[in-house]
Amino acid sequence: MPTGFKDRFYVAVFNHPSPTLHFVDLKTTAGVFRLEFSDKGLYRIRFPEAEPLPESPREVFRVFRKYLSAKLDLTGLTPFQKKVYSVLMKVPEGMTISYGALAVRAGFPKAARAVGTAMRKNRLPLVIPCHRVVPARGGMGEYSALPGLRRAGKKWKQALLDYERHLKGRSQVSQFL
């Protein structure tokens, strides 16, 4: 081990028991979404295994509506994730924020990449709207609700933003400043 290694690095271990989960399967034209609940609230949302159809966010939101305001179980999230997610949840529908701007708003001005990691680990997509976070250089970036389906993930992200924009009567997605 290099000299001084222990002084510069540490490993944070968060020991928390895995909660007992109950689930609800929501059938939509985009596939079956699984909502997993613990005794504390909504713990995880799983998107369909097969490549879903991003043309149907209206129906997905209609089916999800009563669950989107459920109490959340944030067990196992780091303080950083909780802070970033709470700031993200204040970004209005149909608007976007860059990873760097979200980092600044959350109080971590040099943590844009860490914000990206927090988005990738978001187990509550749609409720914690990670689809609203985009690269500062433009484009969509990734949408981790669909791991392994990169193209479909980008289509979903765009479809969700378009749907939110439509709900708010905006002609285009605006940046949240």
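The numbering scheme is per chain: residues are counted from 1 as the chain's sequence reads. Since the coordinates come from a predicted model, pLDDT governs what is reported: local features require at least 70, and pairs of side-chain atoms require 80 or more to be given and counted, while whole-chain, interface and lining totals use all residues. Each side-chain value is derived from all of the structure's non-hydrogen atoms; neither hydrogens nor water enter the calculation.

### Structural notes on the confidence of the model for the protein
When pLDDT is averaged across the protein, the result is 80; 76% of the residues are at 70 or more. Known as pLDDT, the predictor's confidence for each residue is given on a scale from 0 to 100. We call two residues in contact when some of their heavy atoms are within 4.5 Å. pLDDT under 50 marks residues 1–14. Its contacts with residues more than four places away, or in other chains, come to 3 contacts.

### Some details on unusual backbone geometry
A positive phi angle is found at L126, which is not glycine, with a value near 80°. The helix and strand labels rest on DSSP assignments: H or I over at least four residues marks a helix, E over at least two residues marks a strand, and numbering proceeds from the N terminus. Within the secondary structure, L126 sits in the loop between α5 (112–120) and β5 (133–134).

### A word on the pattern of salt bridges
One speaks of a salt bridge when a side-chain nitrogen belonging to Lys or Arg is within 4 Å of a carboxyl oxygen belonging to Asp or Glu. For the structure on display, the rule yields 5 salt bridges. For the salt bridge of R46 with E36, the shortest nitrogen-to-oxygen distance reads 2.6 Å. Taken as a pair, R46 in strand β3 (residues 41–46) and E36 in strand β2 (residues 31–38) lie far apart in primary sequence, 10 residues in all. In this structure, E164 and R132 form a salt bridge, with 2.8 Å as the shortest nitrogen-oxygen distance. Linking E164 in helix α6 (residues 150–167) with R132 in the loop between α5 and β5, this pair joins segments that are 32 residues apart in sequence.

### Thoughts on the nonpolar core
Nonpolar side chains in soluble globular proteins generally cluster together in the buried interior. One finds F33, L35, F64, L88, L102, V115 and M119 to be the most contacted residues of the largest nonpolar core, which totals 39 residues. Setting aside residues up to four positions removed in sequence, L102 forms contacts with V84, V87, L88, I97, V115, M119 and V133. The term nonpolar core refers to a set of buried residues drawn from Ala, Val, Leu, Ile, Met, Phe, Trp, Tyr and Cys, joined through side-chain atoms within 4.5 Å. Relative accessibility decides the category of a residue: with a 1.4 Å probe and only protein chains considered, values under 20% of the type maximum give buried, values over 50% give exposed, and everything between is partly exposed.

### Thoughts on α5
All of the buried residues in α5 are V115, A118 and M119. Projected down its long axis, α5 carries its buried residues within an arc of 100°, all on one side. Away from the buried face of α5 by more than 90 degrees, exposed residues R113 and R120 are located. For this quantity, the arc is that covered by the directions from the helix axis to the C-beta atoms.

### Topic: the packing of aromatic side chains
In this scheme Phe, Tyr and Trp rings, the latter by its six-membered ring, pair at centre separations within 6.5 Å, and the angle between planes marks the pair as stacked below 30 degrees, edge-to-face above 60, and tilted otherwise. The final tally for this structure, using the stated rule, is 4 aromatic pairs. With centroids separated by 4.9 Å and ring planes inclined at 65°, the aromatic side chains of F33 and F47 adopt a geometry described as edge-to-face. With F33 in strand β2 and F47 in the loop between β3 and α2 (57–64), this pair connects stretches of sequence that are 14 residues apart. Ring plane angle 85° and centroid distance 5.6 Å describe the contact between F47 and W156, whose orientation is recorded as edge-to-face. Placement of F47 in the loop between β3 and α2 and of W156 in helix α6 is noted, with a sequence separation of 109 residues between them. Comparing F47 with W156, the two get one shared label, buried. We note R34 situated over the ring of F23; from NZ or CZ to the ring centre the distance is 3.6 Å. By definition, being over a ring means that NZ of Lys or CZ of Arg is both within 6 Å of the ring centre and within 35 degrees of the ring normal.

### Brief notes about the packing of helix α3 (residues 79–88) against α5
It is at 10 Å that the axes of α3 and α5 come closest, and there the two elements cross at 85°. The orientation of α3 with respect to α5, classified from their angle, is roughly perpendicular. Between α3 and α5, the contacting residues are F80, Q81, V84, Y85 and L88 on the first element and A114, V115, A118 and M119 on the second. For this classification, Asp, Glu, Lys and Arg are treated as charged, while Ala, Val, Leu, Ile, Met, Phe, Trp, Tyr, Cys and Pro are nonpolar and the rest, including Gly, are polar. Across the contact of α3 with α5, the residue classes break down as 8 nonpolar, 1 polar and no charged. Angles shown run from 0 to 180 degrees and are taken between the N-to-C directions of axes, each axis being a line fitted to C-alpha atoms and, for helices, limited to the stretch in contact. Any angle that is under 35 degrees is reported as roughly parallel, and any over 145 degrees as roughly antiparallel; angles of 65 to 115 degrees are reported as roughly perpendicular and all others as oblique.

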